[in-house]
Amino acid sequence: MKTKAVRIYGVKDLRLEEFELPELGEDEIQARIVTDSLCMSTYKVANQGAKHKKLPDNLAENPVVMGHEFCGVIEAVGKKWRHLYKPGDKFVAQPNLGRADTFSLGYSFPYVGGEATKVVIMNEAIEKGCLLPYQGESFFEGALVEPLSCVIAGFKANFHLQDRNGYGHAMGIKRHGAMAILGGTGPMGSLAIDYAIHGEQKPSLLVVTGSTEEKLERSKKLYPPEEARAHGVELYYVHTPKGSSFVDALKELTPGKQGFDDVFLMVAQEDMVTKAEALLAVDGCLNFFAGPADAGFSARMNFYNLHYNATHFVGTSGSNTEDMKDAVTCIEKKTVNLAKIATHIMGLNDVCGSILKMPELPGGKKIVYSQKNYPITDVGEFAGTGAMEAALKEIVAKHGGLWSAEAEAYFLENCPDI
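Criteria and cut-off values
Residues numbered from 1 in each chain as written. Predicted model: local features only at pLDDT ≥ 70, side-chain atom pairs only at ≥ 80, totals over all residues. Heavy atoms only, no water. Helix = DSSP H or I, 4+ residues; strand = E, 2+ residues; numbered from the N terminus. Contact = heavy atoms within 4.5 Å. Axes fitted to C-alpha atoms, helices over the stretch in contact; angles between N-to-C directions. Parallel < 35°, antiparallel > 145°, perpendicular 65-115°, else oblique. Left-handed = near helix turned anticlockwise from the far one by under 90°. Nonpolar A, V, L, I, M, F, W, Y, C, P; charged D, E, K, R; others polar. Salt bridge = Lys/Arg side-chain N within 4 Å of Asp/Glu carboxyl O. Buried < 20%, exposed > 50% of the residue type's maximum accessible area, 1.4 Å probe, protein only. Pairing = 2+ DSSP bridges. Right-handed = clockwise from strand over helix to strand, strands pointing away. Disulfide = S-S within 2.5 Å.

Asks: Would you take a moment to explain the environment of Lys 80 for this structure?
Replies: Summarising the element assignment, Lys 80 is placed in the loop between strand 5 (70-77) and strand 6 (90-93). Between the C-alpha atoms of Lys 80 and Ile 29, which are 51 residues apart in sequence, the distance is 9.6 Å. Once residues lying within four places of it in the same chain are set aside, the contact partners of Lys 80 are Glu 26, Asp 27, Asn 123 and Glu 127.

Laid out in structure tokens, this is it:
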């Protein structure tokens, strides 16, 4: 059986190719990928090639399939797994296999990844519970389960002292505490805002910063302070141009001007790390959420505060299966609205070029419809006079300018296949 897929051969060497998949084994599952969402991690992979820790060394001879945020439909099930899975089941993939070599789905293997029409999922991934049932109403939301799960993982990883005179810790962000999301106007920052407002364990104060006024205004429109207040969260958006001094101004917003219990840093910039640490209150937790491309990335930190104020730092990369399950539940229960960050769609044909220019692309998440042939398009700006574009414009307008399950269904029915 043939598949079409985006494979990486080396630094900035991405190719959309058709090739033969191996015959399905008794302990494997064959699936049709419907959606994948592009991630900045894939951009880093494209720019590092085999130097990236999740990629094998011999890429030129053994290329791997890209795309780790994917959702699809099972087509065939090997004998070993027929008691758990059947053709027609929808699923989302947990890419993290928990291996010592960090190899993961959508990074490291020749026959499985989200930027493909068909894949063969190996026994190891199924045994480790990486193939999760999904009953959400849209496939594009399924492709956003993985990034949402990373945010959920970050919220869980933060911790605080149960008692200043003890050593026990309470896991998670501080309930009804003060939280800051620095550089929070990108897709992951948006997910963090949504989850902080609507999640079960939420802060009372949330401050979101951004270096670009346009992006900050977009976030404010998507997640207005009035909506946050209705859920018990006082939300402020603060413009912090690159290089600006904002620590004192942000602390002014916190109770007693003492600083933040939880700070999430969404950008890998040295000066921002130093400022993020300076924002912490006593027992404050800094989550360095951004993934730096430089293995030697470091920053100046205040260890006086570490010693006397019990400040602490965590970093989370990816998520585990429980986080993915929690994300699926959030989507199925509509706790969060992922349509707010799904700003662009495209077919498999436009993936290679889009990955290589991701930092230049505006908006939020880019959804790949892996079976389709369509240029990357802002969902609010369908061009042309064709019947399909006209219909999609109407559907998007009906849903407040957002992509939707209805728009997706029409697109899947009417867009040409790759």
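Having seen it, we continue.
Asks: Sorry if this is basic, but what is going on with the packing of helix 4 (residues 145-157) against helix 5 (residues 187-198) here?
Replies: For any two helices packed against each other, one specifies the inter-axial angle together with the distance between the axes. Between helix 4 and helix 5, the shortest axis-to-axis distance is 9 Å and the interhelical angle comes to 60°. Classed by the angle they form, the pair helix 4 and helix 5 counts as oblique. Between helix 4 and helix 5 the crossing geometry is right-handed. Of helix 5, the residues touching helix 4 (which contributes Pro 147, Leu 148, Cys 150, Val 151, Ile 152 and Phe 155) are Met 188, Leu 191, Ala 192, Tyr 195 and Ala 196. Split into classes, the residues belonging to the contact of helix 4 with helix 5 amount to eleven nonpolar, no polar and no charged.

Asks: When you look at the pattern of salt bridges in this model, what are you seeing that I'm missing?
Replies: Two side chains carrying opposite charge are able to pair once their charged atoms lie near each other. A full pass over the atoms with the stated rule returns 22 salt bridges. Salt-bridge contacts for Glu 227 lead to Lys 340; the nearest nitrogen and oxygen are separated by 3.7 Å. Here Glu 227, found in helix 7 (residues 225-230), pairs with Lys 340, found in the loop between helix 11 (321-332) and strand 17 (342-347); they are 113 residues apart in sequence, far enough to count as distant. Accessibility expressed as a relative area gives 22% for Glu 227, which makes it partly exposed. Residue Lys 340 is classed as buried on the basis of its relative accessible area of 13%. Several salt bridges share partner residues, and in doing so they unite Arg 99, Asp 101, Glu 124 and Lys 128 into one network.

Asks: Would you explain the pairing of strand 17 in this entry?
Replies: Both faces of the sheet carry side chains from a regular strand, because those side chains alternate between them. Counting buried residues in strand 17 gives six out of six residues, a clear majority hidden from the surface. Of the pairings in the sheet, the one linking strand 17 to strand 18 (residues 365-369) comprises five bridges and is parallel in character. Within strand 18, the position partnered with Gly 347 by the bridge is Tyr 369. A crossover links strand 17 with its parallel partner strand 18, the connecting element being helix 12 (residues 351-356), and its sense is right-handed. Here two bridges tie strand 17 to strand 19 (residues 377-378), and the two strands are oriented antiparallel to one another. By the bridge assignment, Ile 345 is partnered in strand 19 with Thr 377.

Asks: What exactly am I supposed to notice about the sheet that holds strand 2 (residues 13-20) here?
Replies: Hydrogen bonds between backbone groups are what pair the strands of a sheet, and the pairing can be parallel or antiparallel. Taken in spatial order, the three strands line up as 2-1-4 in an open sheet, and their pairing is antiparallel. Edge positions in the sheet fall to strand 2 and strand 4 (64-65), since each of these pairs with one other strand and no more. Here strand 1 (residues 2-10) runs beside strand 4; their pairing, made up of two bridges, is antiparallel. Within strand 4, the position partnered with Arg 7 by the bridge is Val 65.

Asks: What is the right way to look at the state of the cysteines in this model?
Replies: Cysteine pairs can be linked by a disulfide, which is a covalent bond between their two sulfur atoms. Enumeration over the complete set of coordinates arrives at zero disulfides. Here Cys 330 stays unpaired: no disulfide links it, and the sulfur of Cys 150, its closest cysteine neighbor, is 14 Å away.

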